[in-house]
Amino acid sequence: MMFVMAAVMEGPLADLSAWKPTECSIAKAMDIVGTRSAILILREAYYGTTRFDGFAARVGITDAAVSGQLRKLTEAGLLSKRPYREEGKRTRHEYALTDMGRDLLPAVLALMQWGDTYLQPGPAPLLLVEESSGAPVRVQVRSERGREIDLDELGVRLNPDYARARSAK
């Protein structure tokens, strides 16, 4: 017999057949960053790439795809663009992470960590370390008290503030 470990769905969420995941934050996030090119452009922004040509060369997609993803990520608020001009050339834009884009870092690093564990045939190609000490860095699910939480210890409940705001509409 196979045991399935799952989050603990609480209150009205316990009966999965009685509710639909409308307004799902995961779905909304995937609408913005749910493509390979979007995540890889963010990866490059985390690594310090700021210019169109750099994104195109390092991500390995067409100029049209880079342009579309940069526009989408900028319109969504993950990147901001600012003009620059090299001597004798036209004005262009460079891209910088916003707070919203920087706040996505744990999710992108979690994907990297998962890929390192399950998809690499040998050791991980890159190590994540604290720059000042060299100590390894890992993404983990922890409570605010600092305790690591496994999937079967994760409670999912309806946010009362969301429910109040929704019923006020």
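Residues numbered from 1 in each chain as written. Predicted model: local features only at pLDDT ≥ 70, side-chain atom pairs only at ≥ 80, totals over all residues. Heavy atoms only, no water.

K.L.:
Help me out: how do you make sense of the environment of L105 in this one?
P.N.:
Take L105: it is sitting in helix α6 (residues 105–118). For L105 and R43, which are 62 residues apart along the polypeptide, the C-alpha to C-alpha distance reads 8.7 Å. (Helix = DSSP H or I, 4+ residues; strand = E, 2+ residues; numbered from the N terminus.)

K.L.:
Before we go on, may I ask you to explain the packing of aromatic side chains in this structure?
P.N.:
Centre-to-centre distance and the angle between the planes together describe a pair of aromatic rings. As enumerated under the stated definition, the model contains two aromatic pairs in all. Here F55 and Y95 contribute two aromatic rings whose centre-to-centre distance is 6.3 Å and whose plane-to-plane angle is 75 degrees, an arrangement assigned as edge-to-face. Of this pair, F55 sits in helix α3 (residues 52–59) while Y95 is found in strand β3 (residues 91–97), placing the two residues 40 residues apart along the sequence. No difference in accessibility class separates F55 from Y95, as the two residues are buried. Geometrically, the ring pair formed by W114 and Y118 is tilted, given 6.0 Å between the ring centres and 45 degrees between the ring planes. One end of the pair, W114, and the other, Y118, are both in helix α6, four residues apart, so they sit about a helical turn from each other. When its relative accessible area of 47% is taken as the criterion, W114 is described as partly exposed. Here Y118 falls in the exposed class, since its relative accessible area comes to 59%. One Lys or Arg, R51, reaches over the ring of Y84 and ends 3.7 Å from the middle of that ring. (Phe/Tyr/Trp six-rings, centres within 6.5 Å; stacked < 30°, edge-to-face > 60°. Buried < 20%, exposed > 50% of the residue type's maximum accessible area, 1.4 Å probe, protein only. Lys NZ or Arg CZ within 6 Å of the ring centre and 35° of its normal.)

K.L.:
Help me out: how do you make sense of the pattern of salt bridges in this one?
P.N.:
Note that side chains of opposite charge can pair when their charged atoms are close. Counted according to the given criterion, the structure contains 12 salt bridges. Salt-bridge contacts for R43 lead to E44; the nearest nitrogen and oxygen are separated by 2.8 Å. With relative accessibility at 25%, the residue R43 sits in the partly exposed group. With its nearest N and O atoms 2.3 Å apart, the salt bridge here joins E44 to R58. (Salt bridge = Lys/Arg side-chain N within 4 Å of Asp/Glu carboxyl O.)

Fair warning: the whole summary comes from geometry, so function is off the table for now.
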